[in-house]
Amino acid sequence: MEWRVRAIRGATTVSENSIEAIQEAVTELLDELETLNNLKPEQIISTTFTVTRDLDATFPAAVARQRPQWENVPLLDVQQMQVPGSLERCIRFLVHVNLPASQTEVHHPYLRGAKDLRPDWSLARASLS
(Lines give C-alpha, C1' and ligand atoms only; values in the text may rest on other atoms or scores of the structure.)
Protein backbone atom coordinates (compact mmCIF):
# COMPACT_ATOMS: atom_id res chain seq x y z
CA MET A 1 0.00 0.00 0.00
CA GLU A 2 1.24 3.48 -0.85
CA TRP A 3 1.24 6.08 1.96
CA ARG A 4 1.35 9.88 1.99
CA VAL A 5 2.20 12.33 4.77
CA ARG A 6 -0.69 14.69 5.55
CA ALA A 7 -1.17 17.49 8.04
CA ILE A 8 -4.43 17.76 9.95
CA ARG A 9 -5.43 20.87 11.89
CA GLY A 10 -8.01 21.13 14.62
CA ALA A 11 -9.09 23.27 17.55
CA THR A 12 -11.50 23.49 20.43
CA THR A 13 -12.24 25.73 23.39
CA VAL A 14 -12.67 25.03 27.08
CA SER A 15 -15.16 26.53 29.49
CA GLU A 16 -12.56 27.22 32.20
CA ASN A 17 -8.88 26.85 33.02
CA SER A 18 -9.10 23.57 34.93
CA ILE A 19 -7.52 20.16 34.53
CA GLU A 20 -10.95 18.57 34.07
CA ALA A 21 -12.11 21.04 31.41
CA ILE A 22 -8.88 20.69 29.43
CA GLN A 23 -8.95 16.88 29.70
CA GLU A 24 -12.54 16.78 28.46
CA ALA A 25 -11.89 19.12 25.51
CA VAL A 26 -8.65 17.43 24.39
CA THR A 27 -10.22 13.97 24.65
CA GLU A 28 -13.22 15.09 22.58
CA LEU A 29 -10.95 16.70 19.97
CA LEU A 30 -8.69 13.67 19.62
CA ASP A 31 -11.68 11.30 19.50
CA GLU A 32 -12.98 13.34 16.55
CA LEU A 33 -9.56 13.28 14.88
CA GLU A 34 -9.27 9.49 15.12
CA THR A 35 -12.89 8.62 14.32
CA LEU A 36 -13.55 10.93 11.39
CA ASN A 37 -10.20 10.22 9.73
CA ASN A 38 -10.15 6.47 10.39
CA LEU A 39 -6.82 7.11 12.08
CA LYS A 40 -4.80 4.74 14.24
CA PRO A 41 -2.21 6.20 16.64
CA GLU A 42 0.62 4.29 14.92
CA GLN A 43 -0.06 6.42 11.79
CA ILE A 44 0.71 9.64 13.69
CA ILE A 45 4.15 11.06 13.00
CA SER A 46 3.94 13.92 15.52
CA THR A 47 1.48 16.29 17.19
CA THR A 48 1.98 19.90 18.25
CA PHE A 49 -0.57 21.47 20.57
CA THR A 50 -0.90 25.20 21.12
CA VAL A 51 -2.84 26.80 23.94
CA THR A 52 -3.78 30.39 24.56
CA ARG A 53 -1.99 32.01 27.48
CA ASP A 54 -5.10 31.79 29.68
CA LEU A 55 -4.77 27.97 29.83
CA ASP A 56 -2.13 26.59 32.16
CA ALA A 57 -3.85 24.00 34.36
CA THR A 58 -2.40 21.05 32.42
CA PHE A 59 -0.62 20.20 29.20
CA PRO A 60 -2.75 18.91 26.30
CA ALA A 61 0.12 16.52 25.49
CA ALA A 62 -0.20 15.01 28.97
CA VAL A 63 -3.85 14.26 28.19
CA ALA A 64 -2.96 12.77 24.78
CA ARG A 65 -0.21 10.62 26.30
CA GLN A 66 -2.84 8.85 28.45
CA ARG A 67 -4.77 7.67 25.39
CA PRO A 68 -4.45 4.05 24.28
CA GLN A 69 -1.47 3.59 21.95
CA TRP A 70 -0.40 7.25 22.11
CA GLU A 71 2.57 6.60 24.42
CA ASN A 72 5.01 6.54 21.46
CA VAL A 73 3.61 9.56 19.59
CA PRO A 74 6.00 12.54 19.73
CA LEU A 75 4.03 15.38 21.38
CA LEU A 76 4.82 19.04 21.95
CA ASP A 77 2.99 21.84 23.78
CA VAL A 78 3.59 25.51 22.96
CA GLN A 79 1.85 28.76 23.80
CA GLN A 80 -0.21 30.37 21.04
CA MET A 81 0.84 33.88 20.06
CA GLN A 82 -1.31 36.45 21.89
CA VAL A 83 -3.25 38.66 19.49
CA PRO A 84 -5.73 41.24 20.86
CA GLY A 85 -9.30 40.11 20.27
CA SER A 86 -8.37 36.51 19.44
CA LEU A 87 -10.32 33.50 20.67
CA GLU A 88 -9.76 32.82 24.38
CA ARG A 89 -9.31 29.45 26.16
CA CYS A 90 -8.44 27.80 22.86
CA ILE A 91 -6.48 24.60 22.22
CA ARG A 92 -5.24 23.93 18.69
CA PHE A 93 -3.28 21.09 17.16
CA LEU A 94 -1.26 20.29 14.07
CA VAL A 95 -0.95 16.55 13.53
CA HIS A 96 1.29 15.01 10.88
CA VAL A 97 0.09 11.56 9.84
CA ASN A 98 0.74 8.81 7.32
CA LEU A 99 -2.47 8.11 5.40
CA PRO A 100 -3.14 5.68 2.58
CA ALA A 101 -2.62 7.48 -0.73
CA SER A 102 -6.13 6.37 -1.70
CA GLN A 103 -7.61 8.41 1.18
CA THR A 104 -8.48 11.63 -0.65
CA GLU A 105 -10.26 13.41 2.20
CA VAL A 106 -9.33 14.39 5.71
CA HIS A 107 -11.48 15.94 8.39
CA HIS A 108 -10.07 18.90 10.33
CA PRO A 109 -12.05 18.92 13.59
CA TYR A 110 -12.99 22.39 14.81
CA LEU A 111 -15.23 22.06 17.85
CA ARG A 112 -17.11 24.21 20.33
CA GLY A 113 -16.17 27.90 20.11
CA ALA A 114 -13.35 27.12 17.68
CA LYS A 115 -15.81 26.32 14.87
CA ASP A 116 -15.66 29.98 13.88
CA LEU A 117 -11.90 29.82 13.27
CA ARG A 118 -12.31 27.70 10.14
CA PRO A 119 -16.00 27.43 9.26
CA ASP A 120 -15.03 25.89 5.93
CA TRP A 121 -13.34 22.98 7.75
CA SER A 122 -15.75 22.63 10.65
CA LEU A 123 -18.70 21.89 8.37
CA ALA A 124 -17.24 19.47 5.85
CA ARG A 125 -14.30 17.28 5.07
CA ALA A 126 -11.47 18.84 3.12
CA SER A 127 -10.65 17.18 -0.18
CA LEU A 128 -7.02 16.42 -0.90
CA SER A 129 -7.43 15.91 -4.63
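Placed above this text is the structure.
Definitions and cut-offs
- Residues numbered from 1 in each chain as written.
- Predicted model: local features only at pLDDT ≥ 70, side-chain atom pairs only at ≥ 80, totals over all residues.
- Heavy atoms only, no water.
- Helix = DSSP H or I, 4+ residues; strand = E, 2+ residues; numbered from the N terminus.
- Rg over C-alpha atoms; globule rule 2.2 N^0.38 Å.
- Buried < 20%, exposed > 50% of the residue type's maximum accessible area, 1.4 Å probe, protein only.
- Contact = heavy atoms within 4.5 Å.
- Areas by Shrake-Rupley, 256 points an atom, 1.4 Å probe, with all protein chains shown as cover.
- Polar contact = N/O pair within 3.5 Å; in protein donor to acceptor, adjacent residues only side chain to side chain.
- Pairing = 2+ DSSP bridges.
- Axes fitted to C-alpha atoms, helices over the stretch in contact; angles between N-to-C directions.
- Core = buried A, V, L, I, M, F, W, Y, C linked by side-chain atoms within 4.5 Å.

Trainee: Looking at this model, I keep getting lost on the overall build of the protein. Mind explaining?
Mentor: When helices and strands are tallied, the protein shows 3 helices and 6 strands. If you list the helices and strands of the protein from N to C, you get β-α-β-α-β-β-β-α-β. Over its C-alpha trace the protein gives a radius of gyration of 14 Å, about what one expects of a compact globule, namely 14 Å for 129 residues. Expressed as lengths along the three principal axes of its C-alpha atoms, the size of the protein is roughly 45 × 30 × 20 Å. In the protein, which comprises 129 residues, the share counted as buried stands at 42%. Relative to all contacts within the protein whose residues are 6 or more apart in sequence, the contacts with residues 24 or more apart total 80%. About 7,200 Å² of surface is accessible on the protein, with carbon and sulfur atoms providing 49% of the total.

Trainee: I keep staring at the environment of asparagine 17 and nothing clicks. Help me out?
Mentor: One can find asparagine 17 in the loop between β1 (3–13) and α1 (19–36). Excluding anything up to four places from it in sequence, asparagine 17 contacts Ile22, Asp54, Leu55, Asp56, Ala57 and Arg89. Looking at asparagine 17, its side chain comes within polar contact range of the side chain of aspartate 56, at 2.7 Å. Here alanine 57 takes part through its backbone nitrogen, which lies 3.1 Å from a polar atom of the side chain of asparagine 17.

Trainee: It is not clear to me how the sheet that holds strand β3 (residues 75–79) should be interpreted in this structure. Could you clarify?
Mentor: For sheets, the rule is that strands pair by backbone hydrogen bonds, running either parallel or antiparallel. Within the open sheet, the 4 strands sit side by side as β1-β4-β2-β3. Their pairing is mixed. Edge positions in the sheet fall to β1 and β3, since each has one partner strand and no second. Between one strand and the next, the sheet's axes are offset by a mean angle of 15°, whatever the strand orientation.

Trainee: I tried to follow the nonpolar core on my own but got confused; where do I start?
Mentor: In a soluble, globular protein the nonpolar side chains are often hidden away together inside. In terms of nonpolar packing, the biggest core is built from 27 residues, with Leu30, Leu33, Phe49, Trp70, Ile91 and Phe93 touching the most fellow members. Elements that contribute at least two residues to this core include exactly α1, β2 (44–51), α2 (60–65) and β4 (90–100). Residue contacts for leucine 33: discarding those within four places in its chain leaves Ile8, Leu39, Trp70, Phe93, Val95 and Pro109.

Without other data, these values stay purely geometric and don't point to any function.
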